[in-house]
Amino acid sequence: MRILHRKPPLNRGGPRRKVVVTANPTVMVEAFVKEYLGADKVIGTEIEIDAKTKKATGFVKEPGVLVGRLKRVAVVKEFGGELPDIGIGDRKSDHDFMSVCKEGYMVHKDKSATIVSPDRLKTRLIFHDGRLVQRPTPLNALITYIWLPFGFVLSLIRVYFNLPLPERIVRYTYGMLGIKLVIRGNPPPPPSPGTPGNLYVCNHRTALDPIVIAIALGRKPFCVTYSVSKLSRFLSPIPAIALTRDREADAARIKELLQKGDLVVCPEGTTCREPFLLRFSALFAELSDRIVPVAVNVKQNMFHGTTVRGVKFWDAYFYFMNPRPTYEVTFLERLPEEMTVKGGGRSAIEVANHVQKVLGAVLGYECTNLTRKDKYQLLGGNDGKVESMYGKK
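Scope of this entry: the structure provided in the associated data block. Just so it is clear, the structure is predicted and the values come from calculations on it, not from any experiment. (Residues numbered from 1 in each chain as written. Predicted model: local features only at pLDDT ≥ 70, side-chain atom pairs only at ≥ 80, totals over all residues. Heavy atoms only, no water.)

Here the amide bond leading from Glu62 into Pro63 is cis, since omega sits at 10°, within 30 degrees of zero. Within the secondary structure layout, Pro63 lies in the loop between strand S5 (56–60) and helix H2 (69–79). Unusually for a residue other than glycine, Lys54 sits at a positive phi of about 65°. Note that Lys54 resides in the loop between strand S4 (47–49) and S5. (Helix = DSSP H or I, 4+ residues; strand = E, 2+ residues; numbered from the N terminus.)

Pasting the structure below:
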């Protein structure tokens, strides 16, 4: 990417204008460059879009790939008579457009250069999609392609070998299959007959969170889901109950499940890959005083086990395709009665915020007010509901 700076004239106010010129397709870089690097505009190669399907055809529009002389033409067209004050490039083909700038600077490759720290970006990087954990450098890409067939077979073994086994045994077979499971804290004992179950409230890292908590407990708690397919619920080794997003109906369903046994909920409503916690829904705090916070962390070195625009059915398989995946589960003390709604007279929102802060402190994560809707609006252009994601084809 090449950067152009245009200062406002002396007799005019306004901020300095920054334009990025790149040979990459505009559609691939524009959102990132504007959101995180603070560019005002991106001039890049334009991709041909089919008018009917609204999908890329694989061809580029005229005048073609934006390199060399074409970059200069694009810059002159964009700026007109008021040419850029500063042009920054990193290769000989950039000399063409830099020649029309008042000042030009070349940035040479430096292997010792460090990656820009997240706090220097215009916007914090909280949400991102894609399956690859590491940058697809030639070496990383080669290793990934070589590992892919072996990893896929290994993921099938890891999933279906453990699927029929009792949870108290799976915690040991995980280690045999290269999955590192770290359990901290003291898991509460199962509820005695006639008493409600515990409500395990955890942050959400992958769709496997309730299953791994069940393995750590050594028994089958219930879990509730929103956007998991019927097939995924059928294959789940623990009872997975679908919610409707109708607050009263969902509350009644959760109360019913708690009368039968333990229940695992993820009040964030969606996963977050970075060290941040999304806003916790307060519904869980209204339904039980037996709240046990559970801090969950995952480590993946090749593939992400979550997606927004991909097929969610494959999430677990991608997680288990990692050579040495790690799951860390930390059970915290049950909330004291004075910090609950019924026993302590607290508001549901106050309890939810307290649980979020407690989990954030244990994990070292930052608490935010972002929601599931914010994530899906940014990455998928929808609100994250099943009907909006799959209803329009």
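Our focus in this paragraph is H2. Three or more residues of H2 are buried, namely Leu70, Lys71, Ala74, Val75 and Phe79. Buried residues of H2, viewed axially, fall in a sector of 150°; they line one side. What points out from H2, more than 90 degrees from its buried face, is the exposed set Arg69 and Lys77. Immediately downstream of H2, the backbone of Gly80 shows phi near 65°, a positive value. (Buried < 20%, exposed > 50% of the residue type's maximum accessible area, 1.4 Å probe, protein only. Arc of directions from axis to C-beta.)

What follows concerns empty space enclosed by the protein. This structure, assessed with the given rule, holds 1 cavity of 30 Å³ or more. Taken as a whole, the largest cavity spans an internal volume of roughly 80 Å³. As for the largest cavity, its lining consists of Ile126, Phe127, His128, Asp129, Thr271, Cys272, Arg273, Thr306, Thr307, Val308, Lys375 and Leu379. Considering only residue class, the lining of the largest cavity consists of 5 nonpolar, 4 polar and 3 charged. (1 Å grid on protein atoms, 1.4 Å probe; cavity = no way out; pocket = protein on both sides within 12 Å on 5 of 7 lines; lining within 4 Å. Points joined across faces, edges and corners; volume = space filled by probe spheres on them. Nonpolar A, V, L, I, M, F, W, Y, C, P; charged D, E, K, R; others polar.)

Next up on the list: the packing of aromatic side chains. Summed over all chains, the structure comprises 11 aromatic pairs. Seen in terms of ring centroids, Phe313 and Trp314 are 5.3 Å apart; in terms of plane orientation they differ by 80°. Their pairing is edge-to-face. Accessibility expressed as a relative area gives 25% for Phe313, which makes it partly exposed. Looking at Trp314, the relative accessible area reads 35%, which means it is partly exposed. Taking the centre distance of 5.5 Å and the plane angle of 70° together, the rings of Tyr319 and Tyr327 count as edge-to-face. Since its relative accessible area comes to 1%, Tyr327 is described here as buried. Here the aromatic residues Phe152, Tyr160, Phe313, Trp314 and Tyr317 are joined through ring pairs into a cluster of three or more. (Phe/Tyr/Trp six-rings, centres within 6.5 Å; stacked < 30°, edge-to-face > 60°.)

Before going further, it helps to examine the sheet that holds strand S9 (residues 199–202). The mixed open sheet is built from 7 strands, whose spatial order is S8-S15-S14-S9-S12-S10-S11. Each edge of the open sheet is held by one strand with a lone partner, namely strand S8 (180–184) and strand S11 (240–242). Direction aside, neighbouring strands of the sheet carry axes that sit 25° apart on average. Direction of pairing for strand S14 (residues 291–299) relative to strand S15 (residues 326–331): antiparallel, over a ladder of 6 bridges. (Pairing = 2+ DSSP bridges. Axes fitted to C-alpha atoms, helices over the stretch in contact; angles between N-to-C directions.)

By themselves these figures say nothing about function.
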